[in-house]
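What the coordinates show
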Amino acid sequence: MLAGGAARRLGGADKPGLRVGGRALLDRVLAACDGARSTVVVADPRPTARPVTWAREDPPGGGPLAALAAGLRRTAAEHVVVLSADLPFLAGPTVGRLLSALAAGDADGVLLTDADGRDQPLVAAYRAPALRRELAALARERAERAAGPDLTGLPLRRLTGALRLTRLPDAVASFDCDTWDDIATARARIREHGHVLDEWISAAKDELGIDLDVDTKLLLDLARDAAHGVARPAAPLTTFLVGYAAGRAGGGPEAVAAGARKAAALALRWAEEAAGPAPAPAKDRSDPAPGATPDARPDA
């Protein structure tokens, strides 16, 4: 993952640390590739939501090719996913799709294209030997021209132009944040694309330092039952108590689900009691007992 750029169009802001949906851009991209055997971030070290290996091009700020070469030196994997650190909508399934397409064909790499059909070589999966081959060729060419063997300042297209590439269109996952307008667009889209609860839960888990997948619908149903059957403030308090009980029971999705079921059943019983007992059936007075005196009083 390349995260050491100068962010000139953002006025030199710390782009990987900018937050979208409450999470740093770097952490959002890290979450999308959390199934990787190893993750190398080319940048100066910083706190991240999960452990990574740090690398740096020499000299720092040498551009994407120099950064890519520095990252490759820290892995022996045959297939590598190469990402920039400014992709707010990248998700695990997209990373999986890139790797599956790479494994299924014979291309050197598979990359996404954006809404305008432009290649996005920093949202891609590559065969590492092909990257090393072409990077070495570029370094030799530089050395022969007495420009030094390093890759500083070379554009990324010098590498991708020599590779056999497959392209997958994806206007959302390929969206990157180069300007403040892009950041504003990403922050607005987080709240509009129908997954605001998922985004909020992911941000909360990162902030709390937990990694737990639970049945969100189950918890929402519990909150609804507690609010309707007891009182509105019972909803957040009950879900808190369920989480606390699950933690005492060892944690995990099963413990949360068991606690939620018990609390939901209690809320339903509470609501049934509040409704009161069912009225007794009316006594049938059409056939008075033998010898009884008819009641001649008018109905009250």
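Check the entry above for the structure.
Only a predicted model underlies this, so the values are computations on that prediction, with no experimental measurement involved.

On to the layout of surface pockets, then. Volume-wise, the largest pocket comes out at about 1,000 Å³. Gly 5, Lys 15, Pro 64, Leu 122 and Asp 178 are, among the 35 residues lining the largest pocket, the residues nearest its centre. Of all elements in the fold, only α2 (64-72), β7 (119-127) and α5 (157-160) reach the threshold of two or more residues within the lining of the largest pocket. Counting residues per element, the lining of the largest pocket draws most heavily on β7, at five residues. Here the second largest pocket defines a volume of roughly 900 Å³.

Attention shifts here to the sheet that holds β7. If you trace the four strands from one edge of the open sheet to the other, you get β5-β7-β6-β8, paired in mixed fashion. Lying at the two open borders of the sheet, with one neighbouring strand each, are β5 (79-83) and β8 (165-169). The sheet shows a mean angle of 25 degrees between the axes of neighbouring strands, taken without regard to direction. In this sheet, β8 lies alongside strand β6 (residues 109-113) in parallel orientation, the contact comprising five bridges. Its bridge partner being in β8, Leu 112 is matched across the sheet by Leu 168.

What follows concerns the side chain of Thr 94. Tracing the chain through its elements places Thr 94 in helix α3 (residues 92-104). Discounting chain neighbours no more than four positions away, the residues touching Thr 94 are Leu 112, Asp 170 and Ala 173.

What follows covers the packing of aromatic side chains. The final tally for this structure, using the stated rule, is two aromatic pairs. Ring plane angle 50 degrees and centroid distance 5.9 Å describe the contact between Phe 89 and Phe 175, whose orientation is recorded as tilted. Of the two residues, Phe 89 is situated in the loop between β5 and α3 and Phe 175 in the loop between β8 and α6 (180-190); the sequence distance between them amounts to 86 residues. Lying over the aromatic face of Phe 175, Arg 189 brings its terminal NZ or CZ to 5.0 Å of the ring centre.

A few words now on the packing of helix α8 (residues 216-229) against helix α9 (residues 234-248). Between α8 and α9, whose axes approach to 8 Å, the crossing angle comes to 135 degrees. Our classification of the angle between α8 and α9 gives oblique. Remark: the crossing between α8 and α9 carries right-handed chirality. Contacts between α8 and α9 pair Leu 219, Leu 222, Ala 223, Ala 226 and Ala 227 from the former with Ala 234, Ala 235, Thr 238, Thr 239 and Val 242 from the latter.

Before going further, it helps to examine the pattern of salt bridges. If you walk through the whole model with that rule in mind, you get 20 salt bridges. Two residues, Arg 224 and Asp 225, come together in a salt bridge whose shortest N-O distance is 3.1 Å. Arg 224 gets classed as partly exposed once you look at its relative accessible area, which sits at 41%. One network of salt bridges, with partners in common, ties together Asp 106, Asp 108, Arg 133, Glu 134 and Arg 164.

Another point: α6. Of all the positions in α6, only Ile 183, Ala 186 and Ile 190 are classed as buried. Along the long axis of α6, the arc covered by the buried residues comes to 65 degrees, so they all point the same way. Along its buried surface, α6 packs onto β1 (19-20), α1 (25-32) and α7 (196-208).

Moving on: a nonpolar patch on the surface. Judged by side-chain polarity, Val 196, Leu 197 and Leu 220 come together as a nonpolar surface patch covering roughly 260 Å² of accessible area. Along the polypeptide, Leu 220 turns up in helix α8.

Scoring rules and cut-offs
Residues numbered from 1 in each chain as written. Predicted model: local features only at pLDDT ≥ 70, side-chain atom pairs only at ≥ 80, totals over all residues. Heavy atoms only, no water. 1 Å grid on protein atoms, 1.4 Å probe; cavity = no way out; pocket = protein on both sides within 12 Å on 5 of 7 lines; lining within 4 Å. Points joined across faces, edges and corners; volume = space filled by probe spheres on them. Helix = DSSP H or I, 4+ residues; strand = E, 2+ residues; numbered from the N terminus. Pairing = 2+ DSSP bridges. Axes fitted to C-alpha atoms, helices over the stretch in contact; angles between N-to-C directions. Contact = heavy atoms within 4.5 Å. Phe/Tyr/Trp six-rings, centres within 6.5 Å; stacked < 30°, edge-to-face > 60°. Lys NZ or Arg CZ within 6 Å of the ring centre and 35° of its normal. Parallel < 35°, antiparallel > 145°, perpendicular 65-115°, else oblique. Left-handed = near helix turned anticlockwise from the far one by under 90°. Salt bridge = Lys/Arg side-chain N within 4 Å of Asp/Glu carboxyl O. Buried < 20%, exposed > 50% of the residue type's maximum accessible area, 1.4 Å probe, protein only. Arc of directions from axis to C-beta. Patch = residues over 30% accessible without salt bridge, like charges linked within 9 Å, V, L, I, M, F, W, Y side chains within 5 Å. Areas by Shrake-Rupley, 256 points an atom, 1.4 Å probe, with all protein chains shown as cover.

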